[in-house]
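# Report on the structure
The chain contents come next:
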Amino acid sequence: MKRELIILGVIGFLAFLFLCIFISVSSNRDFKSVYKKEIKAGNELVQRIDDYKVKNGSLPESLKLIYSESEKEKFKSYCYDIEASDYVLYFGTTLGEGVYYFSAHKEWCDYLKY
């Protein structure tokens, strides 16, 4: 009887440990793999913004200046802010959260770097 209780305790502990590891791993998924499609379209916008800056000597005032009316649906979820000579491009993910591209750092982040 005592041996069976010890075995059940060990099994319960291992199940709990497995559950903790599973939750930890699943909550730390790489945002780049989760939002791969959105980042790919965002990279297209980044290239267009950078090309616009080279061609015109300044950043576009609005994203609407770098895509056509027929592409409006593709890029509708992206927002854009100018900060001096740099910019931030971002899209929302969950309520109050987003993924951001910082031109100063040339990278996508799932948090603000202010």
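See the structure shown above.
Keep in mind the model is a prediction, meaning the values are calculated, not measured.

Turning our attention to the packing of aromatic side chains. For any two aromatic rings, the description comes down to two numbers: the centre-to-centre distance and the angle of the planes. Throughout the structure, instances matching the rule amount to 10 aromatic pairs. Arranged with centres 5.8 Å apart and planes meeting at 45 degrees, the rings of Tyr 80 and Tyr 87 form a pair that is tilted. A network of ring pairs unites the aromatic residues Tyr 35, Tyr 67, Phe 75, Tyr 78, Tyr 80, Tyr 87, Phe 91, Tyr 101 and Trp 108 as a single cluster.

A few words now on the pattern of salt bridges. As a working rule, side chains carrying opposite charge can pair if their charged atoms are close by. By the definition in use, this model includes 4 salt bridges. Arg 48 is the partner of Glu 44 in a salt bridge, and the nearest nitrogen-oxygen pair spans 2.7 Å. In this pair, Glu 44 and Arg 48 are both assigned in helix H3 (residues 36-56), 4 residues apart and thus about one turn of the helix distant.

Here we take up the side chain of Ser 103. Relative to the elements of secondary structure, Ser 103 occurs in the loop between strand S3 (98-102) and strand S4 (107-109). Here Ser 103 falls in the buried class, since its relative accessible area comes to 7%. Separated by 2.8 Å, the side chain of Ser 103 and the backbone nitrogen of Tyr 87 make a polar contact. Excluding residues that lie within four positions of it along the chain, Ser 103 makes contacts with Asp 86 and Tyr 87.

On to H3. The end-to-end C-alpha separation of H3 is 30 Å, in line with the 30 Å expected for 21 residues at 1.5 Å each. Burial in H3 covers these residues: Ile 39, Ala 41, Gly 42, Leu 45, Val 46 and Ile 49. Taken around the axis of H3, the buried residues stretch over an arc of 160 degrees, which confines them to a single face. Residues Lys 36, Lys 37, Lys 40, Val 54 and Lys 55 are exposed on H3 and point more than 90 degrees away from its buried face. Against helix H2 (31-34), helix H4 (72-75), strand S1 (78-83), strand S2 (86-92), S3 and S4 lie the buried residues of H3. Positioned one or two residues after H3, Gly 57 has a phi angle of 80 degrees, which is positive.

Bridge count for S1 against S2 is 6 bridges, and the pairing is antiparallel. Its bridge partner lying in S2, Tyr 78 is registered against Phe 91. Counted between consecutive antiparallel strands, the loop separating S1 from S2 contains 2 residues, among which Ala 84 sits at a positive phi close to 60 degrees.

What counts and what doesn't
- Residues numbered from 1 in each chain as written.
- Predicted model: local features only at pLDDT ≥ 70, side-chain atom pairs only at ≥ 80, totals over all residues.
- Heavy atoms only, no water.
- Phe/Tyr/Trp six-rings, centres within 6.5 Å; stacked < 30°, edge-to-face > 60°.
- Salt bridge = Lys/Arg side-chain N within 4 Å of Asp/Glu carboxyl O.
- Helix = DSSP H or I, 4+ residues; strand = E, 2+ residues; numbered from the N terminus.
- Buried < 20%, exposed > 50% of the residue type's maximum accessible area, 1.4 Å probe, protein only.
- Polar contact = N/O pair within 3.5 Å; in protein donor to acceptor, adjacent residues only side chain to side chain.
- Contact = heavy atoms within 4.5 Å.
- Expected span 1.5 Å × (residues − 1).
- Arc of directions from axis to C-beta.
- Pairing = 2+ DSSP bridges.

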